[in-house]
Each structure stands twice: as C-alpha cells, then as structure tokens.
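Take a look at the letters that make up each chain.
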Amino acid sequence: MSQTVGELLAFTLAEIGARQVFGIVGDALNPFTDAIRREGRIAWFGVRHEEGAALAAAGQAKLTGRLGVCAGTTGPGATHLLAGLYEARHDHAPVLAIAGDVPTSKSGIDYLQAADHVQVFRDACVYAASVNSAGAAAAQIHEAIAAAYGLRGAALLSIPQDVFEAKTSKGPLSLATLRQRPDVAPADADLDSAARIIDAAEKVVLFVGFGARSAKEEVVALAKKLNAPIVHTYRALDLFPFDDPQVIGGLGLIG
C-alpha cells in the first residue's frame with residue numbers, strides 16, 4: 001500500500017513512541033502536519049518561535065531519553081531551529097529536526113526563502129541530509145533517527161514540499177532498532193579497582209555526572225556508607241535534591 005512521505009514519517013514517529021512534534025506550520029510542512037492530524041497518536045505543539053520548538057524537543061529528550069522532534073518550514077523558519085539544536089548537541093540529546101524545503105523544481109535558483117539546510121545545520125547535527133526522492137525516504141528516515149539515538153545528538157532531515165506529498169510503497173525499516181541506547185555497566189575489574197582505591201582513601205568525595213542518572217539511589221547509598229559529600233556536574237544538576245545535606249553543589253563552568 002502506498003502512502004505519502006509525510007504519512008510515512010508520521011507513522012514511523014508514532015510507532016517508535018514519539019507523541020509530540022514542536023514547531024510552526026507553513027506551506028512546506030503542510031503535507032506532514034496534515035499527516036500528523038490524521039495519524040492520531042501524535043500531537044502538534046505550535047510555538048511562537050522555532051528556536052523554542054528545538055529547545056522543547058531537546059529538553060524533552062534530555063528528561064526522557066526518548067527522541068524529541070521539532071520542525072520548521074523553509075529558509076528562516078527552519079534555520080531558527082539552529083540554536084536549540086546546539087543545545088541538543090552539547091547535552092547529547094536525541095532530537096530529530098525536520099526542515100520543510102522549497103519544491104525540488106525551485107531549488108538552486110535563488111527562490112523565495114530557499115536555504116541550504118544541510119550545509120547550515122551540519123555543525124550542530126550528528127546527521128544532516130536532504131530527502132530528494134520518495135523512494136529514498138524510508139531509508140533516510142531510519143538513518144536519521146538511528147543516528148540521533150546512536151550518536152546522541154540532533155539529526156536533520158530537509159524535505160521539499162513536493163517530496164513530502166509524493167507517494168512511496170516502501171514502509172518504515174527496522175523499527176525495533178530505533179530506540180535509546182541501553183545503560184552500560186563498567187567491567188567487574190574496574191569496579192573492583194575502584195573499591196580498592198576507595199577502601200585505601202582517608203577521605204572520599206563523590207563527583208557524579210549525568211551518566212549516573214539511572215543509579216541515583218545507589219550513589220546516595222554509597223555516599224551515606226562512606227559519609228562522603230556529593231559534588232555534581234552541570235548536567236547532573238537535577239539528579240539530587242538541593243536540600244540533601246550530603247549534596248554540596250556543582251563543579252565546573254557554572255559550578
């Protein structure tokens with residue numbers, strides 16, 4: 001069964017658990033926003049400025065670990081996403097940015113609001129590509145989301161309006177692989193070595209980063225056992241309550 005690229009993208013996002021898209025509507029995104037309306041499992045959140053859409057997607061991704069999604073339409077609309085995508089880059093948050101682009105027949109001729117999104121966004125993104133045909137859409141959608149999760153950053157898909165509207169018979173690829181990276185435990189030998197160093201120390205301070213987000217209770221239990229204060233990085237600011245007497249604050253650029 002054939003579907004438009006906009007429908008394919010909306011269905012793929014819904015299947016992997018995305019439930020919100022933040023953005024501002026516009027002509028180049030109309031086939032996508034209409035597909036979201038008919039999909040039913042995804043809500044479109046309109047914002048006042050595209051930067052806010054990217055920041056919202058990045059914030060959601062940081063809080064949940066799941067893919068955040070934002071969208072802007074052509075030239076200045078899409079490029080306004082950039083500041084928020086740098087947030088995702090620096091905090092390693094999985095975000096998919098969708099840039100509606102001018103029709104393919106108008107590219108390369110100094111058309112109204114045309115911009116080279118791929119070139120503009122490349123520094124802020126772990127993946128940036130233009131979807132120039134409906135036949136390539138399924139593979140590129142998969143590759144962009146996989147890169148956002150696997151490389152922990154923002155991925156950009158620039159999609160011209162006529163490609164959004166075009167039909168494809170190719171369905172989404174390998175949906176089961178489009179998910180957040182699992183937590184990784186240290187090797188037993190490294191844990192044993194750390195335990196020996198702690199045992200031999202007279203005084204211990206725990207310096208805790210965002211990587212400990214899935215082990216907050218264990219960190220607090222260790223701190224109490226050792227009677228050790230907890231110092232955290234900037235990204236770990238929200239891991240521990242400010243009124244805990246063992247948490248003495250942050251260290252680093254804004255510490």
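Scroll up for the structure.
**Q** Even after reading the chapter, I still don't get the environment of Val231, so can you show me in this structure?
**A** Looking at the secondary structure, you find Val231 in strand β10 (residues 230–232). Residue Val231 is classed as buried on the basis of its relative accessible area, which comes to 12%. The spatial distance from the C-alpha of Val231 to the C-alpha of Gly249 is 5.4 Å, given a sequence separation of 18 residues. In this view, Val231 contacts Val205, Leu206, Phe207, Val208, Ile248, Gly249, Gly250 and Leu251; residues no more than four positions away in its chain are not counted.

**Q** Can you walk me through the packing of helix α1 (residues 5–15) against helix α7 (residues 134–150) in this structure?
**A** When two helices pack together, you describe them by how their axes are tilted relative to each other and by the distance separating the axes. Viewed as axis vectors pointing N to C, α1 and α7 meet at an angle of 25°, and their least axial separation amounts to 10 Å. For the element pair α1 / α7, the angle class is roughly parallel. Judged by the sense of rotation from one axis to the other, the crossing of α1 with α7 is right-handed. Taken together, the residues of α7 that come into contact with α1 (itself represented by Val5, Leu8, Leu9, Thr12 and Leu13) are Ala134, Ala137, Ala138, Ile141 and Ile145. Classifying every residue of the contact of α1 with α7 gives nine nonpolar, one polar and no charged.

**Q** Just checking my understanding: could you explain unusual backbone geometry for this structure?
**A** Most peptide bonds adopt trans geometry, and most residues besides glycine take a negative phi value. Despite not being glycine, His92 has its phi angle at roughly 55°, a positive value. Secondary-structure assignment places His92 in the loop between α5 (82–91) and β5 (95–101). Classification of His92 by relative accessible area gives partly exposed; the value is 37%. In this structure, Arg152 takes a positive phi of about 55° despite not being glycine. Structurally, Arg152 is set in the loop between α7 and β7 (154–160).

**Q** How do you make sense of helix α3 (residues 50–64) when you look at a structure like this?
**A** One turn of an α-helix holds 3.6 residues; hence residues three or four places apart share an orientation. The end-to-end C-alpha distance of α3, which contains 15 residues, comes to 21 Å, matching closely the 21 Å that a straight helix rising 1.5 Å per residue would cover. Buried residues of α3: Glu50, Ala53, Ala54, Ala57, Ala58, Gln60 and Ala61, and no others. On an axial view of α3, the arc spanned by its buried residues comes to 160°, and they lie on one face. Summarising the contacts, the buried residues of α3 are in contact with β2 (20–23), β4 (68–73), α4 (74–79), α5 and β5. Among the residues trailing α3, Gly65 stands out with phi positive, at a value near 80°.

**Q** Honestly, the sheet that holds strand β11 (residues 247–250) in this entry has me stumped. Any pointers?
**A** In any sheet, the strands associate via hydrogen bonds between backbone groups, in a parallel or an antiparallel arrangement. Strands sit in the order β9-β10-β11 across an open sheet of three strands; the sheet is parallel. Each end of this open sheet is capped by a strand with a single partner; those strands are β9 (206–208) and β11. Within the sheet, the average angular offset between the axes of one strand and its neighbour, ignoring direction, is 25°. As judged from the three bridges shared by β9 and β10, these two strands associate in the parallel manner. Considered in β10, the bridge of Phe207 is made with Val231. Contacting β9 and β10, helix α10 (residues 216–226) runs over the sheet at an angle of about 165° to β9.

Thresholds applied
Residues numbered from 1 in each chain as written. Predicted model: local features only at pLDDT ≥ 70, side-chain atom pairs only at ≥ 80, totals over all residues. Heavy atoms only, no water. Helix = DSSP H or I, 4+ residues; strand = E, 2+ residues; numbered from the N terminus. Buried < 20%, exposed > 50% of the residue type's maximum accessible area, 1.4 Å probe, protein only. Contact = heavy atoms within 4.5 Å. Axes fitted to C-alpha atoms, helices over the stretch in contact; angles between N-to-C directions. Parallel < 35°, antiparallel > 145°, perpendicular 65-115°, else oblique. Left-handed = near helix turned anticlockwise from the far one by under 90°. Nonpolar A, V, L, I, M, F, W, Y, C, P; charged D, E, K, R; others polar. Expected span 1.5 Å × (residues − 1). Arc of directions from axis to C-beta. Pairing = 2+ DSSP bridges.

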